[in-house]
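# A structural walkthrough
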Amino acid sequence: MANPKKQKMSRRKFLGISSCALTTAVVGSQVKVLKALAKSGDISEPVAAITKDVYTSCGMCVNKCGVIARVRDGVIHKLDPNPNFFPKSRGMLCARGNAGTKVVYDPDRLKYPLIRVGERGEGKWRRASWEEALDMVTNNMNQIAEKYNRASMMFASTEGTFSEHFFLQLAECYGTPNTLRHPTLCLSSNIQGFSATFGTNPTPDVKNADYIIMSGANRAEALMTPDSIDMIKTDGGGRRKLVYLDPRFTKTAAKADEWYPIKPGTDMAFILALINVIITEGLYDDDFIEENTVGFEQLAQHIKQYSPGWAATECDIPAKDIRRIAHEFANAAPSAVYYQGRRSSFFQNDTQMRRAMAILNAIVGAWDTKGGLLPNKKIALTKHDYLAPWYDDVPDRLDKGGVTYLSEKDGSWPVFRDRALAADPYPIKGMMVYKQNVLVSVPDRAKSLELMKQMDFICTIDITMSDTAWYSDVVLPEATYLERLDPPENLSGPVPVVAFRQPCVEAMFESKTNFWIMQQLAKRLGPEIAETFDFTMEEHIHHMLKKKPEIYDALFGKGVYYEDTEPEYGRLKGKRLRTRSGKIELYSEKYAKKGLDPLPVYKSPDKVPTNMYRLLVGRHAYFTHGTTANNALLHDLMPENTLWLAPSEARKLRLKNGQMVKVKSKVGEEKLKLEITEKIRPDSVYMAHGFGVLSKGLSNIAGVGGSDAALIESKYCPISGNCAMHETFVQITPA
Amino acid sequence: MKNKRFAIVLDTERCIDCKACTVACKAENDVPLGPNNYRNWVVASKLRGKYPNLGQSYTPSQCQHCSNAPCEHVCPTRATFTSSDGIVDVKEEKCIGCKYCQTACPYNARYYNEETGAIDKCTFCAQRIYAVPPRLPACVDTCPTKVRAFGDLNDPNSEVSLLLARNPSKVLKPAMGTNPHLFYLD
């Protein structure tokens, strides 16, 4: 009889208890991965080394939660939540945070600089020395500057790395205005709508609010610290009621006291009807409005047209519920918030929809008070100043004037891309990418591929072979967040903190920090640029903390620095806000002057065409955008994505649960598995983000599932330039 | 450890099914990769009701550390044993991988670890709770919404004792007579 220890078939597998797809990967501990890499000659044989605990910040998403890395014999064995009081992440670490070890010990990691030898996207590479790769990058940058203009180089980067500002510094010093950051794939409409009203984008006091209404901000899955934690009812205070609007029954819906599967794109109608009830029935905070706001008269006139009866037909939420919720909300106020959401942009009217939210919060006085919206605080750090070289012939940003309010550093992805494709008013021929996964994150992948096709040169800095790296000419391996000394970052909020990163282990393979890469490129671009990077990271950190050296000890001693443990309420009372009038602007004079609606005007979303469905996107707790689906530990939780469809529609289309379907939009077609579920409105379908990748360098997910970016049309909010993610209709057919 | 009786009390109302506990456990205990290998898990209940009136609950679980453990009774080599602190454990070197215990466990809390060639399961992270200074089991420590509380039932002032004194609770499959030590608040 065979040795039972050598049996390959596990009982669980044999019994068929789990219906999940089985993976063949059997690499267990980090040590095993290291040994395998040592055997292949990728690294030298691991030697027994230090055992220690290291404070740092998580880098799996953008929350920057506090982490303590348990290093055992030179290997990061486990990542635990920072055990010290940490105001933002409150002693937790999510699934992604726990999976961080598999970012470092990932056989798919980029190990050394690569130079493309085949066609773009063909996946043929050769290993290069840093010297050669860096020379190639700057030679191409110089050629583009000579042949076209410095502005013909674009720099795309992402948030959460603590190192993005070095990348932006290089862009500025090189002389291009064309940096593309994440906000127009994220929260730029939200910032715009709330700032137009309050002069700032405040944070809801979720921990203390008695009544919370959330529109599509799926906080049980789209984790935001501390809101996701604070949203859960606790014995010691916390909210009494959560009303949740979402076309999908998400895990937040499961936790909410009331869930309404609102018709997508009609949230503004619901909010305007709440304002209507609160004003017509006199439930608003008279004194607060008098003292702190402008434009109430105009608002009261404007809002008359938006009755609950009218909204009911728009949103599919009964008028009596709208009326009741308005009463409950106003009764709970000022300890009540209409939660503005954050990383979401749904429709072209997104800025005005967020404006409506802001106005509703304002008229019940839920501002700068316990349980309401709180203005953020920030712990001041000394800025790193540098003198960027001056170039005479550099034009304005390519996307300038494309939308009403364009952020100079962020740009607007959809506007920029359209102009770049038309070379209007000048060509874009070079692309530097730092960890942004353009092909997965920006809607209409075909257009992004078109954009990449027209480039003379593309360089991507990343830790894995993302789709964007896959289509690049030079790929540079960055050290992961657990291998870097990163500058401290002041995270603003009602209770602000300073967080930082320090290396838990030495950077593996030939990976280098972004800072080092920037220094090397700067050196090659000339002494004037090199000078702006002429310091060590240690010097940089000391410089940032020079006014408050105690931060240094706090960071290295307990992983975090903070000054308050509770929010300070009434901080801005009687002070001038950063709006034109200095008050909360219910009516926006600023918008009126720009020819925009000074009060939110509702327009119905386009009707879903017959035999088509509205494509919805959304987050879940296992992946961060387009970057973590290949992580071995997370892949165990979700090996592929599916298309959600309501049972009634599946019957109509004669489709079966689990079968492959074709999803077709105006701009693309994808194939993935069908999941028939009551969790979605019959007029909509949903798929999770991060699958359907083009790169074959992501071995767990290559060829699996469908890409939402391939399907979503590139529509955008004309005020903020934010992508409208929910304005795409698709057809479903058997594959 | 003498005079201790470890237990976990869960408030499933707080669970958002984020699976931080599952990943934390896999990382902490070197559980081999693969969706079928795990020491703890979260069960999403069947969807209740009809659209648009729906409900769903999430129940995290793991080895129940029964005081009358069926897995221990059926083990032919006595690889499975109960420590005096109530932790049910497996002696890797004694395990012959016959998987009787896996079948006997009413909670499906055991898996066969192909890397060690032995049955593996939750140990309340004994390596953490007995470390100096002691640390909470990984699943308890990492949980964003703090579903689980861990502690010693023999200490009347421990968090678990207080939770069970103040709130009604239940155990899973009480009819099996296993006397589990994972308690679910009502």
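Scope of this entry: the structure provided in the associated data block.

## Some details on the overall build of chain A
Within chain A one finds 26 helices and 29 strands. A compact globule built from 735 residues would reach a C-alpha radius of gyration of about 27 Å, and chain A, at 26 Å, matches this within 12%. Dimensions of chain A along its principal axes, counting C-alpha atoms only, are 75 × 70 × 55 Å. Here chain A, with 735 residues, has 59% of them falling under the buried criterion. Of all intrachain contacts in chain A linking residues separated by at least 6 positions in sequence, the fraction that spans at least 24 positions is 74%.

## Quick look at the overall build of chain B
Within chain B one finds six helices and twelve strands. In terms of overall dimensions, chain B is globule-like: its C-alpha atoms have a radius of gyration of 16 Å, near the 16 Å expected for 186 residues. Along the three orthogonal principal directions, the C-alpha set of chain B runs to about 50 × 40 × 35 Å. Each of the 186 residues in chain B was classed as buried or not, and the buried ones make up 49%.

## Some details on the sheet that holds strand β1 (residues 6-10) of chain B
Note on sheets: strands pair through backbone hydrogen bonds, and any given pair is parallel or antiparallel. Residue and element names in this part refer to chain B. Strand order in this open sheet of four strands is β10-β1-β12-β11, and the pairing throughout is mixed. Each edge of the open sheet is held by one strand with a lone partner, namely β10 (148-152) and β11 (169-170). Pairing of β1 with β10, which is carried by five bridges, proceeds in the antiparallel orientation. Residue pairing across strands places Ala 7 opposite Gly 151, the latter belonging to β10. Sitting on the sheet, helix α6 (residues 159-166) touches β1, β10, β11 and β12 (182-185), and the angle it makes with β10 is about 110°.

## Side note on unusual backbone geometry
Residues and elements named next belong to chain A. Following Ala 333, the chain continues to Pro 334 via a peptide bond in cis, the omega torsion being 10°. Between Asp 424 and the following residue, Pro 425, the backbone shows a cis peptide bond with an omega angle of 5°. In this structure, Pro 425 sits in the loop between α16 (413-421) and β15 (430-434). Of note in the backbone geometry, Asp 73 takes a positive phi value of approximately 50° without being a glycine. Summarising the element assignment, Asp 73 is placed in the loop between β2 (66-72) and β3 (75-81).

## Remarks on the pairing of strand β19 (residues 497-501) of chain A
Residues and elements named next belong to chain A. Within β19, five of the five residues are buried, leaving the element largely enclosed by the surrounding structure. Residues Val 497, Ala 499 and Arg 501 line one face of β19 and the alternating positions Val 498 and Phe 500 line the opposite face, and both faces are buried. In terms of strand pairing, strand β18 (residues 486-491) meets β19 through four bridges, oriented antiparallel. Of the residues in β19, the one forming a bridge with Leu 491 is Val 497. Taking the residues that link successive antiparallel strands as the turn, the β18-β19 hairpin has five residues. Pairing analysis gives two bridges linking β19 to strand β20 (residues 561-562), with the strands arranged antiparallel. For Val 498, the partnering residue across the bridge sits in β20 and is Tyr 561.

## Re the packing of helix α10 (residues 267-280) of chain A against helix α14 (residues 319-332) of chain A
Helix-helix packing is characterised by the crossing angle of the two axes and by the distance between the axes. All names here are of chain A. Packing of α10 against α14 brings their axes to within 9 Å, and their N-to-C directions diverge by 65°. In terms of orientation, α10 lies roughly perpendicular with respect to α14. α14 is crossed by α10, and the crossing has right-handed handedness. On α14, the residues touching Phe 270, Ala 273, Leu 274, Val 277 and Ile 278 of α10 are Ile 322, Arg 323, Ile 325, Ala 326, Phe 329 and Ala 330.

## What about the pairing of β12(B)?
Residues and elements named next belong to chain B. Strand direction decides the pairing type here: β1 and β12, joined by three bridges, are parallel. Each bridged residue has a counterpart across the sheet, and for Leu 10 the counterpart in β12 is Tyr 184. Here two bridges tie β11 to β12, and the two strands are oriented antiparallel to one another. Within the sheet, the bridge partner assigned to Ser 169 lies in β12 and is Leu 185.

## Re the sheet that holds strand β22 (residues 613-616) of chain A
Residues and elements named next belong to chain A. An order of β22-β26-β23-β25-β24-β29 is seen for the six strands of this closed barrel, with the pairing classed as mixed. Here the average twist between neighbouring strands, direction ignored, is 45°. Pairing between β22 and strand β29 (residues 729-734): two bridges, direction antiparallel. Its bridge partner being in β29, Tyr 613 is matched across the sheet by Val 730.

Parameters and conventions
Residues numbered from 1 in each chain as written. Chains lettered and ligands numbered in written order. Predicted model: local features only at pLDDT ≥ 70, side-chain atom pairs only at ≥ 80, totals over all residues. Helix = DSSP H or I, 4+ residues; strand = E, 2+ residues; numbered from the N terminus. Rg over C-alpha atoms; globule rule 2.2 N^0.38 Å. Buried ≥ 20, exposed ≤ 12 C-beta atoms within 10 Å, placed from the backbone. Contact = placed C-beta atoms within 7 Å. Pairing = 2+ DSSP bridges. Axes fitted to C-alpha atoms, helices over the stretch in contact; angles between N-to-C directions. Parallel < 35°, antiparallel > 145°, perpendicular 65-115°, else oblique. Left-handed = near helix turned anticlockwise from the far one by under 90°.

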